[in-house]
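What follows is each chain in one-letter form.
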Amino acid sequence: MSLLPVPEAKARLLDRARPIERVETVPLREANGRVLAAPLTALLTQPPFDASAMDGYALRAEDAPNVGAELVVTGTAAAGHPFDGQVSRGQAVRIFTGAPVPAGADTILLQEDAELLSNGRIRTTFDVTGGRHIRPRGQDFVEGETVLPKDVLLDYSRLTVAAAMNHPALDVYRRPRVAILATGDELLPPGRTPAAGQIIASNMTGIAALIEDNGAEVVDLGIVGDSREAIASAVDAARAAKVDVLVTSGGASVGDHDLVQATLKEAGMELDFWRIAMRPGKPLMVGSLGEMQVLGLPGNPVASLVCGLLFLEPLLRKLARLPERKREALALTARDLAANDRRQDYLRATLVTDAEGNVVADAFSKQDSSMMKILAHSDALIIRPPHADALPAGSPCPILLLRP
Ligand code: AMP
Ligand code: MG
């Protein structure tokens, strides 16, 4: 079996993914990060009345044709406390921001442009023009207006307008559900004391974070040893939980202890491919078991996280109807890069901006794919395409941003 190029592997994986159709209604405060499933229409008009935008006096502009006009103040209008009379010739109403403009008035005189006289009168100290400092009714939106289209990602600004449109709850798509399963006899959860030959399971902690960062829910199936029975019962649990995707780690190649692929096939998995021309992360298994997509990540933490970024993230975003996250960018390499072989290489690197404003990527000299520390200290991965020529320092190179 030959090695599948990265773009082809990604296209094949995404090709079978169908965006989730199921819709659920969630309270406004739980809708952050969700995707709107129907166009959202205003249930009322905003502002609901002509409102004062400033503190001052509501009056008729024709009553103050020049600076020095005098008016009688006949009442007060504050936010939530309208003045229910009429502003007639020669009158003004003390008004505060957010109050409805009283009937008859057509402009607001700023309070700093009014001189307070005795016996409830004011004198204008500035020119008055009609319509100033008034927010007209419906200036923001009107009842029945569609303000948000379907499929938008709900965030702080969209939730604010949804609230203002008087929606206490919103129809959103169900989130993708993803089961995660770590396999390996050597693995212990963080916080335990390893015996001889044991290590702490780490990669699924990062994969779970990546899943949640991409609008999906995690169903944690924990750790199982390298046994067909244990793997098979975890796969049953994933199916019973009706997850959209099962992500396994470890045991994905065909060594004596690599039982994931064999066990999943026995359970009925249709294998699409399992070897990719990339480094780190050659053994990435992709298949489907009924409605459930299966992604078998390598156990090696750096390899599993790079595969997670390249394959799991776009898969989840397609299922969740989120736009693809733009991680690709260009940088200048800080050091000479060697010619590459047939596997697409992802080099962990830091990024700095030089004096001319160029983004410069400096690859770590040690790239051992088991070193999680170096990934944690990196800002980007330099992409070295298959059979790329050697690249001298200062040359442009494609990168993948780890924290876009
Ligand atoms: P495997 O893919 O099972 O052959 O594992 C490759 C390497 O990754 C081995 O050194 C494993 O001990 C290690 N490994 C496997 N699973 C995990 C995990 N969940 N967390 C950290 N390291 C792991
Ligand atoms: Mg293993």
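The paragraphs below set out a description of the structure included in this document. All residue numbers here refer to positions counted from 1 along the written sequence of the relevant chain. Following the order in which they are written, the chains are lettered starting with A and the ligands numbered starting with 1. Local features in this predicted model are restricted to residues of pLDDT 70 or higher, and side-chain atom pairs are both shown and tallied only at a pLDDT of 80 or more, whereas totals for entire chains, interfaces and linings draw on every residue. Only heavy atoms go into the side-chain values, all of them from the structure, while hydrogens and water stay out.

A separate point is the overall build of the protein chain. The numbering of helices and of strands both runs from the N terminus, where a helix is a DSSP run of H or I of at least 4 residues and a strand a run of E of at least 2. Per the secondary structure count, the protein chain includes seven helices and 26 strands. Here the C-alpha radius of gyration of the protein chain, 32 Å, is well above what a compact globule of 404 residues would show, namely 22 Å. Burial classification: accessible surface area is computed with a 1.4 Å probe over protein chains only, and a residue below 20% of its type maximum counts as buried, one above 50% as exposed, and the rest as partly exposed. Put simply, the protein chain has 404 residues, and 45% of those count as buried. Partitioning the intrachain contacts of the protein chain with sequence separation of at least 6 by distance along the chain shows that 71% fall at a separation of at least 24. When the accessible surface of the protein chain is totalled, it reaches about 19400 Å², and 51% of it is carbon and sulfur. Asp and Glu count as negative and Lys and Arg as positive, but His and the ends of the chain are not part of the count. Every charge is mapped to an atom, namely NZ of Lys, CZ of Arg, CG of Asp or CD of Glu. Seen as two clouds, the 42 positive and the 50 negative side-chain charges of the protein chain have centres 4 Å apart. Both definitions apply: the radius of gyration is a C-alpha atom measure, and the globule rule equals 2.2 Å times residues to the power 0.38. Two residues form a contact once any of their heavy atoms are found within 4.5 Å. Under the convention used here, a 1.4 Å probe and the Shrake-Rupley method define accessible areas, while residue burial counts only the protein chains that appear.

Moving on: the sheet that holds strand β5 (residues 70–77). When DSSP finds two or more bridges between a pair of strands, those strands are recorded as paired. Here we have six strands laid out as an open sheet, ordered β7-β4-β6-β5-β9-β8, and mixed in their pairing. Of all strands in the sheet, those with a lone pairing partner are β7 (107–110) and β8 (114–116), marking the two edges. Put simply, the sheet's adjacent strands are angled 40° from each other on average, direction ignored. Relative to strand β9 (residues 121–124), β8 is paired through three bridges, and the arrangement is antiparallel. Across the sheet, the residue bridging to Ala 114 is Thr 124, located in β9. Working convention: axes come from line fits to C-alpha atoms, limited for helices to the stretch in contact. Angles between N-to-C directions cover 0 to 180 degrees.

We now examine the pattern of salt bridges. One side-chain nitrogen of Lys or Arg within 4 Å of one carboxyl oxygen of Asp or Glu is enough to make a salt bridge. Overall, the coordinates contain 22 salt bridges when judged by the stated rule. The salt bridge partner of Lys 10 is Glu 324, with a shortest N-O separation of 2.7 Å. Of this pair, Lys 10 sits in helix α1 (residues 6–15) while Glu 324 sits in the loop between α6 (301–320) and β22 (328–333), placing them 314 residues apart in sequence. In this structure, Glu 217 and Arg 175 form a salt bridge, with 3.8 Å as the shortest nitrogen-oxygen distance. Taken together, the residues Glu 217 in strand β16 (residues 217–224) and Arg 175 in the loop between β12 (169–173) and β13 (177–183) connect sequence positions 42 residues apart. Residues participating in the shared-partner salt-bridge network are Glu 8, Arg 12, Arg 16 and Asp 272.

Backbone torsion omega between Gln 46 and Pro 47 reads -10°, so that peptide bond is classified as cis. Here Pro 47 lies in the loop between β2 (40–41) and β3 (51–52). The backbone of Lys 242 sits at a positive phi, close to 50°, despite the residue not being glycine. Residue position: Lys 242 is located in the loop between α4 (228–240) and β17 (245–249). In this structure Lys 242 comes out as exposed when scored by relative accessible area, which is 66%. Its identity as a non-glycine residue notwithstanding, Arg 321 has a phi of 65°, on the positive side.

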